[in-house]
Structures are given as C-alpha cells and as structure tokens.
Amino acid sequence: MTDLPPKPPSRPEKVSLWRYMRLFRRDILSAQPAKLYRAWMAEFRTPFFRSYLINDPDLIRTVLKDRPDDFPKSERIGAGLRPLLGDSVFLTNGAQWKRQRRIIDPAFEGGRLRDTFPGIVAAGEAAVERLRDQADDTPREIEAITSHVAADVIFRTLFSIPIEDATAQQVFGAFKTYQRSQPILNLAAFIPGPRWMPRFFGRETTKTAGSIRQLITDLTQQRLELIKAGTAPDDLATKIMTTKDPQTGETFETREMVDQVAIFFLAGHETSASALAWTLYLLARYPEWQDKLAAEAKAFSGDFSDLSQLGQTRDVFREALRLYPPVPMMVREASQPERFRERLVKTGAQIVLSPWHLHRHNRIWDNPDGFDPARWRTDAAQNSARDAYLPFSSGPRVCTGAGFAMIEGVVLLAAFLRNYRFSIADCTAPVPVAHLTVRAKDGIWIRITPRMSL
C-alpha cells in the first residue's frame with residue numbers, strides 16, 4: 001500500500017549513548033532503530049544496566065501472563081511519575097499492588113460499566129454542542145477537542161461533576177500544564193539508585209504535580225463527607241472509596257485515594273484523548289470508513305444493551321489503537337536470572353514491551369503499517385492479537401479500565417460522527433511522538449463540518 005498513515009522515522013542503527021539519551025528524551029519512538037519492527041528480541045547496553053526489548057509472543061506471555069510476579073514494574077520509568085502519582089496502582093508491585101487491585105477492580109466490573117454509561121453519553125452530547133461553533137471548515141487542532149471531552153468523561157463518571165465545574169476546570173488546566181512539562185525520561189531511567197535519590201524534576205513539573213494533588217485531595221475529602229452523611233452519588237469515586245479489601249476489611253485512606261484518582265485521570269484522560277484524536281484523524285484520512293461509521297451511528301438505538309450495533313465503530317477504534325497505542329512502551333524488571341532466546345538476562349535487567357513495535361511487527365501482522373479495520377473480522381488478526389495486541393497491557397496487570405475505555409471510545413466516536421464530518425486539513429501530516437502518551441508533534445489538524453442527514 002502507498003497510502004499509509006504517518007509513522008515516525010527511525011534512528012540510525014548505531015548511535016552513542018549520549019545521542020540516544022537526547023533522542024529518547026525528545027521522543028522515544030524515533031529514538032529506536034528500524035530493526036525493532038522485525039526483531040523478536042533486541043538488547044541495549046548502558047554503563048548502568050542492560051535492557052531487552054521483546055517482541056516474541058512466547059516471551060511476552062511469560063512476562064505478562066505466566067509469571068508476572070517475577071517481572072515487576074520497573075522503578076526507572078515510575079520514578080519520573082511519582083511527584084504526581086505517588087504510590088498509585090500504576091507504579092506499585094507485589095502485595096501492595098494486589099491489595100489496591102482488590103479494592104479498585106469491583107468498580108469496573110460489567111454491572112458497574114452500565115452505571116457509567118450515562119456519564120459517557122452526557123459528555124459526548126456536551127462535546128457535540130461545543131463543536132457547533134467550530135464546525136465551519138476551519139482547520140482545528142483535534143487533540144485539544146478530544147482532551148476536553150475525555151476529561152469531561154472522567155469528571156462525570158468519577159465524581160459526578162461536568163467539566164464546567166470550577167474545580168474540574170482547575171484540574172484540567174493543571175494536567176495540560178503537567179503534560180507539557182513532564183518528559184517520559186527522567187535521570188532515574190538511566191542511573192540506578194534508591195528511592196530517596198534526587199530525581200532532578202523541573203520546578204514547573206513539581207509545582208504542577210503538587211497543585212493537581214491538592215485539588216484532588218479537596219475533591220476526595222468532600223466526597224468522604226458526603227459518604228459519611230449518606231448523600232454521596234453512586235459513582236466510581238464512591239464505589240472505590242467504600243469498597244473494603246476482602247482480605248483485610250480496610251478501605252483506602254485519603255492519601256491512597258488521591259494516588260488512585262491521579263492515575264485514573266492520567267490513564268483515563270491522556271490515553272483516551274490520544275486514542276480519540278488518532279481515530280478521528282484516520283477517519284478523516286479514509287472517508288469511506290467514516291461514512292460507514294456515520295451510518296452505523298445513525299442507526300444506533302443509544303441504549304447500553306445495544307452497543308453491539310456499533311460493531312464497525314469498535315473495529316475502527318481497535319485498529320486505531322493498534323496503529324497508535326496511547327502507551328507506546330511498558331518496562332518490567334527481571335527479579336532473577338532468566339534465559340531469553342538463548343541469552344542470559346541478569347537480575348535487574350530491564351524488560352521492555354513495546355506495543356508500538358509489536359502492533360506494527362512485520363512478522364506478526366499482515367499489512368502492519370496499513371489502516372485496515374476489516375482485519376478484525378478475520379481469524380488471522382484474532383490470532384495475532386492473542387499475545388501481540390497490548391493497548392491495555394495483558395495478564396493480571398491488564399488496565400482495570402480497559403472495558404470502560406472501549407465503551408467510551410465507541411460511544412464518543414458515534415456521537416461525533418452522527419453530527420459532524422471530519423476531513424483532512426491542508427497541513428503536513430501529523431508526526432507521532434511519545435511523551436506521556438502518543439501524540440502529534442505539532443498537533444492533529446482537521447476540518448469539521450455539520451453532517452447532512454444520511
């Protein structure tokens with residue numbers, strides 16, 4: 001195929017460590033060599049540690065599904081996020097992580113997802129209304145639009161407040177500042193050391209993280225008061241804050257809840273905004289698929305029980321997550337010596353799982369760089385996806401909100417496409433870059449116009 005969606009360039013095969021660090025800090029995608037799209041495993045050496053990127057489905061299954069406790073999350077990446085996330089479920093390991101998941105997971109079970117559906121729908125309707133003044137065929141930066149609606153979904157489903165709420169506006173603004181100021185690479189990613197070692201965070205990063213945590217603390221304390229008074233709404237925050245660990249009978253303390261809310265917002269907002277933006281770009285680039293989804297959206301009843309009516313929309317969203325996974329890389333650490341593909345992997349080595357490279361691996365996928373939503377109706381794609389499709393990770397550490405995210409993406413896309421047409425702006429194609437999530441270097445510019453009745 002010649003009409004392929006944008007993909008970042010790869011670096012030269014051999015570069016110095018200093019050059020690699022500079023490239024990595026700027027963008028982890030273009031800092032990698034092209035061979036990773038075909039290799040089953042690659043080794044990277046620094047003076048401080050060794051790193052192994054694995055694309056072999058058997059090794060991925062070992063790390064994520066068969067023996068996850070032997071490959072805990074690496075502190076090298078987590079260190080850069082602790083000013084905001086503290087000891088959230090995203091960063092913890094072992095008994096602490098298992099306790100957190102026992103409390104959090106019930107809020108995202110099937111029955112609870114039905115309860116969050118009205119909040120997602122309401123956020124979509126509000127976004128459609130906000131777009132009315134922007135649907136004038138003027139190029140618009142779509143990431144700003146998807147970021148707004150994704151934040152609205154979080155506030156409505158977590159705390160039962162719309163984004164127009166004053167506190168919600170403050171948190172949203174602070175998160176935008178944090179995303180711009182926080183690189184994914186902190187010094188701790190290359191230099192090992194204990195938790196107390198200085199991490200050299202920028203002043204703006206530390207200040208913004210503190211502001212966000214204080215705002216979340218205020219929301220959490222207000223909710224605790226409502227729970228005590230018996231007047232709290234039955235939303236995700238109430239569910240999580242009142243759920244007791246079935247083993248200890250304890251609930252989250254305020255500080256612990258703040259940690260979890262921070263990752264809900266970061267994971268649920270940043271990743272959803274990224275996924276929605278790239279999906280709308282792909283639909284603008286391939287209008288024949290956009291017309292199919294618009295017709296599907298028009299026929300959708302709007303009921304939770306009828307979400308299966310949006311089957312093609314789900315296929316398109318899955319394909320967008322394959323091409324542009326919001327979280328491009330995950331890092332684990334070997335807790336004991338291992339042998340991977342006849343190589344000795346020492347204790348402390350970093351094990352990198354890269355959805356970005358895995359989803360485009362040319363020995364796993366047919367037409368790996370092409371946009372082909374119809375692939376998801378084939379046995380070949382389903383087989384490839386079994387251990388080579390990780391937009392939400394896999395195994396025990398699979399994202400607890402994966403089901404929520406799939407419903408959110410499909411429902412919001414249907415709301416947008418039922419009302420508007422999206423087309424490519426006369427701009428250079430967006431260049432994917434990765435910081436906290438996969439975004440576009442200079443934004444994603446799209447023209448929006450009202451959709452005529454089908």
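Check the entry above for the structure.
Computed from a predicted model, the values in this text were never measured in an experiment. (Residues numbered from 1 in each chain as written. Predicted model: local features only at pLDDT ≥ 70, side-chain atom pairs only at ≥ 80, totals over all residues. Heavy atoms only, no water.)

(A) Inspection of helix α11 (residues 254-285) at higher detail. Its 32 residues place the ends of α11 46 Å apart at the C-alpha level, agreeing with the 46 Å of an ideal helix rising 1.5 Å per residue. Burial analysis of α11 places 28 of its 32 residues in the buried class, the great majority of the element. (Helix = DSSP H or I, 4+ residues; strand = E, 2+ residues; numbered from the N terminus. Expected span 1.5 Å × (residues − 1). Buried < 20%, exposed > 50% of the residue type's maximum accessible area, 1.4 Å probe, protein only.)

(B) The sheet that holds strand β7 (residues 350-353), seen in detail. Pairing within the open sheet is mixed, and its four strands lie in the order β1-β2-β7-β4. Each edge of the open sheet is held by one strand with a lone partner, namely β1 (41-45) and β4 (330-333). In this sheet, adjacent strand axes meet at a mean angle of 25° when their direction is disregarded. Here four bridges tie β4 to β7, and the two strands are oriented antiparallel to one another. When the bridges of β7 are listed, Arg-332 appears paired with Ile-351. Seen against the sheet, helix α2 (residues 57-66) touches β1, β2 (50-54), β4 and β7 and runs at an angle of roughly 110° to β7. (Pairing = 2+ DSSP bridges. Axes fitted to C-alpha atoms, helices over the stretch in contact; angles between N-to-C directions. Contact = heavy atoms within 4.5 Å.)

(C) Broad picture of the pattern of salt bridges. Counted according to the given criterion, the structure contains 32 salt bridges. When the shortest N-O distance is used, the salt bridge between Lys-7 and Asp-369 registers 3.1 Å. Here Asp-369 lies in the loop between α14 (355-358) and α15 (379-388) and Lys-7 lies in the segment before α1 (17-26), a separation of 362 residues in the sequence. On the basis of relative accessibility, which here comes to 32%, the residue Lys-7 falls in the partly exposed class. A salt bridge links Arg-322 to Glu-319; the nearest nitrogen and oxygen atoms lie 3.0 Å apart. Placement of both Arg-322 and Glu-319 in helix α13 (residues 311-323) is noted, with a separation of three residues, approximately one turn of the helix. Exposure class is identical for Arg-322 and Glu-319. Each is buried. A single network of salt bridges, built from pairs that share partners, joins Glu-43, Arg-45, Arg-50 and Arg-343. (Salt bridge = Lys/Arg side-chain N within 4 Å of Asp/Glu carboxyl O.)

(D) The pairing of β7, seen in detail. What you see with β7 is no split at all: Gln-350 and Val-352 on one side and Ile-351 and Leu-353 on the other are buried throughout. Relative to β7, β2 runs parallel, the two being bridged by three bridges. Looking at the pairing, Tyr-52 lines up with Ile-351 of β7.

(E) Quick look at the nonpolar core. Judged by nonpolar contacts, the single largest core of 137 residues is most densely connected at Ile-54, Ile-142, Phe-340 and Phe-422. With 17 residues, α11 is the largest single contributor of residues to this core. (Core = buried A, V, L, I, M, F, W, Y, C linked by side-chain atoms within 4.5 Å.)

(F) View of the side chain of Ser-354. Counting through the fold element by element, Ser-354 comes out in the loop between β7 and α14. In this structure Ser-354 comes out as buried when scored by relative accessible area, which is 2%. Not counting chain neighbours up to four residues away, the residues in contact with Ser-354 comprise Leu-53, Asn-55, Pro-328 and Met-329.

None of the figures reported here should be taken as evidence of function without further support.
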